[in-house]
Amino acid sequence: MGKLMALILLGAGLALVGERFLTLRERMNAYREVESVESQNCHLIEGIENGSEDIDILPSGLAFISNGLKYPGMPDLAPDEPGRIFLMDLNEQNPRVQELNIGDGFDKASFNPHGMSTFIDKDQTVYLYVVNHPHMDSTVEIFKFEEQQRSLVYLKTIKHELLKRARMNASREVKSVELPNCKLIKGIETGAEDLEILPNGLAFISSGLRYPGVKSFEPDKPGKILLMDLNKEDPTVLELKMTGSNFDASSFNPHGISTFTDEDNTVYLLVVSHPDVKSTVELFKFQEEEKSLLHLKTIKHELLPNLNDLVAVGREHFYATNDHYFVDQYMRSWELYLGLAWSNVVYYSPDDVRVVASGFDFANGISMSPDRKYVYIAELLAHKIHVYEKHANWTLTPLKSLDCDTLVDNISVDPVTGDLWVGCHPNGMKIFSYDPENPPGSEPSEEHQLKDEREFRVNISPT
Ligand SMILES: [Ca+2]
Ligand SMILES: [Ca+2]
């Protein structure tokens, strides 16, 4: 009952905000500034400066308020303080908030309250159900409300697989497994974001991404492109020199990458970069002899505001994923938090740019089948790989989707078998809340079969 009510209340609240965003998107199509309006019946209530997340009002006029939610990507006004439950008597002339004492047996230090609901028993006992996220987990806490003492008696914690934070896969723990063929490659300690392997066995690796909300290991240094020769017994990495008079290497912040090989065997590397938190595609010519990248061009477009990955279909032609709709950091947080699923895929060429697929909950990796007929799109927070058919006019039509129990990121395709190798995050909360004591896990390969007229295997591999 409590759970249902909490879900209904939370759902209604989110639907309201979502509807507002939709209206906003349609009318303004931009970030709206709210004008100041005098609301005579609005008072600032002291004591809830750290934000109130949910409210539940009893028929008697007593209101419970949850306060101090910490959620990845959301601004947190008091990061070091645990959350609290306040009581407010709406019958008073000038209602004030009063923090409710929580009784023994409950870990108050990790209290991170979210949605709430009350249930009144036949004997008029009031129970308060609170969605809680201690240590990024998800639980429902049940308290008995003691009106006289202005306190909550802790009764029970409810945990269940079905109540886990599904989009983030937050409850997923990865078991340690020995992988004898895995070696640590020196020189990519700052992280490898994306990988592209040429038919001759040379691999490009983008390294050093700085992305809002995600831990950066060298926040003050620009990113780089590394080269690795997979034909070697003990492959090492080499940093590619970047040349070109119009290229600013100091703000290079590489994300997804893709290559295109011309008829004359010239290899072009296309790199999503985020100089100053913006999105660009940097076009390079690979000079194998010199072990360098010659910068040719920077591509920017209003339909490419939040790039994540791309797959090249020509020297300056590509499909790219935008992982968010909004550009503003605050609105991006809300977009992620509410799961609006407004991210999209854009086709780009010098004279034709358009959205070709949309409605993704964080579109991430993108790649193509070896016969170039199908486009694969990883939808990170829906845990899905989508297969689209590509047409001669570059439009895409959805064919099917594959469910994966993990957050799917970059996709590589085996050029011979057509198998997909997907970099994954088993537990998404660990990407956004990095803890060196409990680092994000990697997981050994799993295989999914997707059977029909076009069969390929998806290999879920560690990021
Ligand atoms: Ca890529
Ligand atoms: Ca990615």
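Bear in mind that the values here come from a model prediction, so they are computed numbers and not experimental data. (Residues numbered from 1 in each chain as written. Chains lettered and ligands numbered in written order. Predicted model: local features only at pLDDT ≥ 70, side-chain atom pairs only at ≥ 80, totals over all residues. Heavy atoms only, no water.)

Moving on to the sheet that holds strand 11 (residues 202-207). Across the sheet, 4 strands lie side by side as 10-11-12-13; this open sheet has antiparallel pairing. Across the chains shown, the open sheet's two edge strands, defined by having one partner strand only, are strand 10 (192-197) and strand 13 (237-239). Direction aside, the axes of adjacent strands within the sheet are offset by 30° on average. As judged from the 5 bridges shared by strand 10 and strand 11, these two strands associate in the antiparallel manner. Across the sheet, the residue bridging to Asp194 is Ser206, located in strand 11. (Pairing = 2+ DSSP bridges. Helix = DSSP H or I, 4+ residues; strand = E, 2+ residues; numbered from the N terminus. Axes fitted to C-alpha atoms, helices over the stretch in contact; angles between N-to-C directions.)

Once that is clear, we can look at the packing of aromatic side chains. Following the criterion strictly, the structure yields 18 aromatic pairs and no others. Centroid distance Phe204 to Phe286: 4.9 Å. Interplanar angle 85°. Geometry classified as edge-to-face. Residue Phe204 is found in strand 11, and its partner Phe286 is found in strand 17 (residues 280-287); the two are separated by 82 residues along the sequence. Where Tyr325 meets Phe326, the ring centres are 5.0 Å apart and the plane angle is 85°; that geometry is what we call edge-to-face. Here a set of aromatic residues connected by ring pairs shows up, and it is made of Phe106, Phe111, Phe143 and Tyr154. (Phe/Tyr/Trp six-rings, centres within 6.5 Å; stacked < 30°, edge-to-face > 60°.)

Residues Ile55, Ile57 and Leu90 make up a contiguous nonpolar surface patch of about 250 Å² in total accessible area. Relative to the assigned elements, Leu90 resides in the loop between strand 3 (84-89) and strand 4 (97-99). (Patch = residues over 30% accessible without salt bridge, like charges linked within 9 Å, V, L, I, M, F, W, Y side chains within 5 Å. Areas by Shrake-Rupley, 256 points an atom, 1.4 Å probe, with all protein chains shown as cover. Salt bridge = Lys/Arg side-chain N within 4 Å of Asp/Glu carboxyl O.)

By size, the foremost hydrophobic cluster in this structure holds 16 residues, and its most contacted members are Phe64, Ile85, Leu128, Phe143, Phe145 and Leu152. Put simply, the parts of the chain that give this core at least two residues each are strand 2 (62-67), strand 3, strand 7 (126-132) and strand 8 (139-146). Considering every element that reaches this core, the biggest residue donor is strand 7, with 3 residues. Other than its neighbours up to four places away in sequence, Phe145 contacts Leu58, Leu62, Phe64, Leu87, Leu100, Val126, Ser151 and Leu152. (Core = buried A, V, L, I, M, F, W, Y, C linked by side-chain atoms within 4.5 Å. Buried < 20%, exposed > 50% of the residue type's maximum accessible area, 1.4 Å probe, protein only. Contact = heavy atoms within 4.5 Å.)

Take helix 2 (residues 329-338) next. Judged by how many residues are buried, helix 2 sits mostly within the fold: 7 of 10 residues are covered. Within the span of helix 2, buried status applies to Met331, Arg332, Ser333, Glu335, Leu336, Tyr337 and Leu338. Sitting at the head of helix 2, Asp328 places a side-chain oxygen 3.0 Å from the backbone nitrogen of Tyr330. Just beyond helix 2, the residue with positive phi is Gly339, at close to 60°. (Polar contact = N/O pair within 3.5 Å; in protein donor to acceptor, adjacent residues only side chain to side chain.)

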